[in-house]
Amino acid sequence: MMSRAPGSTTGPSIADGLSGGGTSAARHLRRTMSASPTGTLRLPGRIHFGGGVRAQLPELVQQHGRRALVVVDAALATTTIVTDLIDAVRERGITVQIETGVQPELPVPSLDELGVSARRFGPDVVVGIGGGSALDATKIIALLVAHGGPLANFYGENAVPGPVAPIIALPTTAGTGSEATPVAVVSDPDRELKVGISSPHLVPVAALVDPELTYGAPASVTAHSGIDALVHAVESYTATPFDLDWSSAQPVFTGRNLFSDLLALEGVRRLGRWLPAAVHSPSDRDARREVAYGSLLGGMTFGSTGTHLSHALQYPVGGLTHTPHGLGTGLLLPYVLEALRGDDEVDARIADIGRALGSTADDVDSLADDAVRITADLGARIGLPPSLAEIGVAADQLPRIAELGLASGRLVAISPRPATAELLLGILQRAHVGALRTRSTS
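Residues numbered from 1 in each chain as written. Predicted model: local features only at pLDDT ≥ 70, side-chain atom pairs only at ≥ 80, totals over all residues. Heavy atoms only, no water.

**Q** Would you mind going over the domain arrangement of the protein with me for this structure?
**A** How large an interface is tends to be reported as the accessible area lost when its parts come together. Taken domain by domain, the protein consists of domain 1 (46-214) and domain 2 (219-433). With 22 residues of domain 1 in contact, the opposing surface of domain 2 contributes 26 residues. Here domain 1 packs against domain 2, burying approximately 1,900 Å² in sum over the two surfaces, 70% of which is carbon and sulfur. Taken as a group, F49, A174 and L193 account for 26% of the area that domain 1 buries against domain 2, more than any other trio of residues on that side. Counting every contact that joins domain 1 to domain 2 gives zero salt bridges. Taken together, the residues that form the side of domain 1 that touches domain 2 break down as 10 nonpolar, nine polar and three charged. (Domains from an automatic or database assignment. Contact = heavy atoms within 4.5 Å. Buried area = accessible area lost by both parts, 1.4 Å probe. Salt bridge = Lys/Arg side-chain N within 4 Å of Asp/Glu carboxyl O. Nonpolar A, V, L, I, M, F, W, Y, C, P; charged D, E, K, R; others polar.)

Given below as structure tokens:
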């Protein structure tokens, strides 16, 4: 069973849903740096990427039935690009119901209500158009359409008993990668941390990643979502491998992955080069395209491997400060990479990240140093705050944050360095004052 911080609410937490929680997963995962890497990908049956691919939506909807529930961010519902898309679906003779009632942070009671309404409509397919919250809500609604509620029945990993209503995902921000992942994250008011629901059944049947849908994203959204996509790729590439019992049902997130290694490094290359331009020159179509592609690659890779320490620590940080998820993971990433140093194999993988980010150093230590430095510089260039203190974290809160981070057992299990309270506290202390050992030179 996952360890719990003293005083934390019992029951599944973010760790269970995002990184293979539950006793069945524990039986099949054994942390080892010497495991022979294996490969697993769980992806949409169709992924279309590029400007204009949203035009495939009517065809895809029609393949799945005659009734479509479209879950869309309220701010986008009346924009021409979305209304034209929905009109094109209706022109195929599809009955469409539009749902714009998704609440920020996805509180569970509101999702249960949306599920009841959706079941009354009886959709054959559920379409999500929006950022990460809208896409996660789409997954939850598709789950509740198929299996009913309450949503709490499905907390954790592999608790979804069978297929959900078919999901078609169209992201309008570049960061979460939710269009390609098996997880949704929700807020339960009875729990201290957010709750994950993860299952291969939540992977959409189709993802339409059209960079043109991201053109209206504000600079702060582009920055925070884009840096989170980089964290997905980096933490996927640095995930520890596990020995798996292939004779049994597999956990959702299984550590280092031969397939995802390729995706992760390419995602790092695209995001590291193009994210600042997408933030500061939002009309730069090349930058928007490259960041959207990097985000998709990040989702494709961490959907099998999982993420680790930046995410484990961000959830309590975000809960305390009510700051965006990507802001927290991006701020923490260089401190996490720095803390992981000291093992030859891990250093080599961090060096690969440094090279993918543009370092021209010719030895592992210098490349790994550059990975830390460049990620910190990238955060500064896109406007991330320099320290946890800047976002309102007090020094006396750090031990509790470390405790809660350590309680995210299945996230910290994916770390390539065994996580301890001391390790996490050290990361937080350096991030609190903005003191990297590897200093930025830019």
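Next, the rest of the story.
**Q** Can you help me understand the pairing of strand β5 (residues 125-130) in this one?
**A** Walk down a regular strand and you will see the side chains alternate between the two sheet faces. Burial analysis of β5 places six of its six residues in the buried class, the great majority of the element. Taking every second residue as pointing to the same face, both faces of β5 are buried, with V125, V127 and I129 on one and V126, G128 and G130 on the other. Bridging between strand β3 (residues 67-72) and β5 involves five bridges; their strand directions are parallel. Along β5, the bridge assignment pairs V71 with G128. As paired elements, β5 and strand β7 (residues 167-171) share five bridges and run parallel to each other. Looking across to β7, one finds that I129 is bridged to L170. (Buried < 20%, exposed > 50% of the residue type's maximum accessible area, 1.4 Å probe, protein only. Helix = DSSP H or I, 4+ residues; strand = E, 2+ residues; numbered from the N terminus. Pairing = 2+ DSSP bridges.)

**Q** Quick question: what am I supposed to make of the UniProt feature "domain: Fe-containing alcohol dehydrogenase-like C-terminal" (unreviewed entry) in the protein here?
**A** Taking the numbering used here, the UniProt-annotated feature "domain: Fe-containing alcohol dehydrogenase-like C-terminal" (unreviewed entry) corresponds to residues 222-431. Structurally, residues 222-431 comprises 69% helix and 1% strand, and the distance from its first C-alpha atom to its last is 22 Å. (UniProt positions renumbered as here; feature names shortened; annotations may be inferred.)

**Q** Whenever I open this one, the packing of helix α12 (residues 344-356) against helix α13 (residues 364-381) confuses me. Can you help?
**A** Interhelical geometry of α12 versus α13 gives an angle of 60 degrees and a closest axis separation of 7 Å. Here α12 is positioned oblique relative to α13, judged by the angle of their axes. Once α12 is placed against α13, the crossing between them reads as left-handed. Residues D347, A348, I350, A351, I353, G354 and R355 of α12 lie in contact with α13, whose contacting residues are V364, D365, L367, A368, A371 and I374. In the contact of α12 with α13, the residues fall into nine nonpolar, one polar and three charged. (Axes fitted to C-alpha atoms, helices over the stretch in contact; angles between N-to-C directions. Parallel < 35°, antiparallel > 145°, perpendicular 65-115°, else oblique. Left-handed = near helix turned anticlockwise from the far one by under 90°.)

**Q** Would you take a moment to explain the nonpolar core for this structure?
**A** The tendency in soluble globular proteins is for nonpolar side chains to be buried side by side. Among the nonpolar cores identified, the biggest contains 68 residues, and L230, V268, L309, I353, L388, I427 and L428 are the most heavily contacted of them. Both domain 1 (46-214) and domain 2 (219-433) contribute no fewer than three residues apiece to this core. The contacts of L388, once residues within four sequence positions are left out, are V317, L331, L332, V393, L398, L428, A431 and H432. Counting residues in each nonpolar core, the second largest holds 29 residues, with V71, V108, F154 and I167 among its members. (Core = buried A, V, L, I, M, F, W, Y, C linked by side-chain atoms within 4.5 Å.)

**Q** Looking at this structure, I do not really get the confidence of the model for the protein. What am I missing?
**A** Low pLDDT marks stretches whose predicted atomic positions should not be read closely. When the pLDDT values of the protein are averaged, the result is 91; 91% of them are 70 or greater. A low-confidence stretch, residues 1-29 (pLDDT under 50), is modelled with 98 contacts involving residues beyond four sequence positions or located in other chains. (pLDDT = per-residue confidence, 0-100.)

**Q** Hey, could you run me through helix α16 (residues 421-433) in this one?
**A** An α-helical turn contains 3.6 residues, so any two residues separated by three or four positions project in the same direction. The end-to-end C-alpha separation of α16 is 19 Å, in line with the 18 Å expected for 13 residues at 1.5 Å each. Taken residue by residue, α16 has L423, L424, G426, I427, L428, R430, A431 and H432 as its buried positions. Buried residues along α16 sit against α10 (309-321), α11 (325-340) and α14 (398-407). Where α16 terminates, the next one or two residues include G434, which has phi positive at roughly 70 degrees. (Expected span 1.5 Å × (residues − 1).)

**Q** So what exactly am I meant to see when it comes to the sheet that holds strand β6 (residues 156-157) here?
**A** Backbone hydrogen bonds hold the strands of a sheet together, and the pairing may be parallel or antiparallel. Judged by pairing direction, the sheet is mixed, and its three strands sit side by side in the order β6-β9-β8 without closing on themselves. Sheet topology places β6 and β8 (183-186) at the edges, where each strand pairs with a single neighbour. In this structure, β8 lies alongside strand β9 (residues 195-198), joined through four bridges in antiparallel fashion. Bridged to A184 within β9 is I197. With respect to the sheet, helix α6 (residues 132-147) is in contact with β8 and β9, its orientation differing from that of β8 by roughly 100 degrees.

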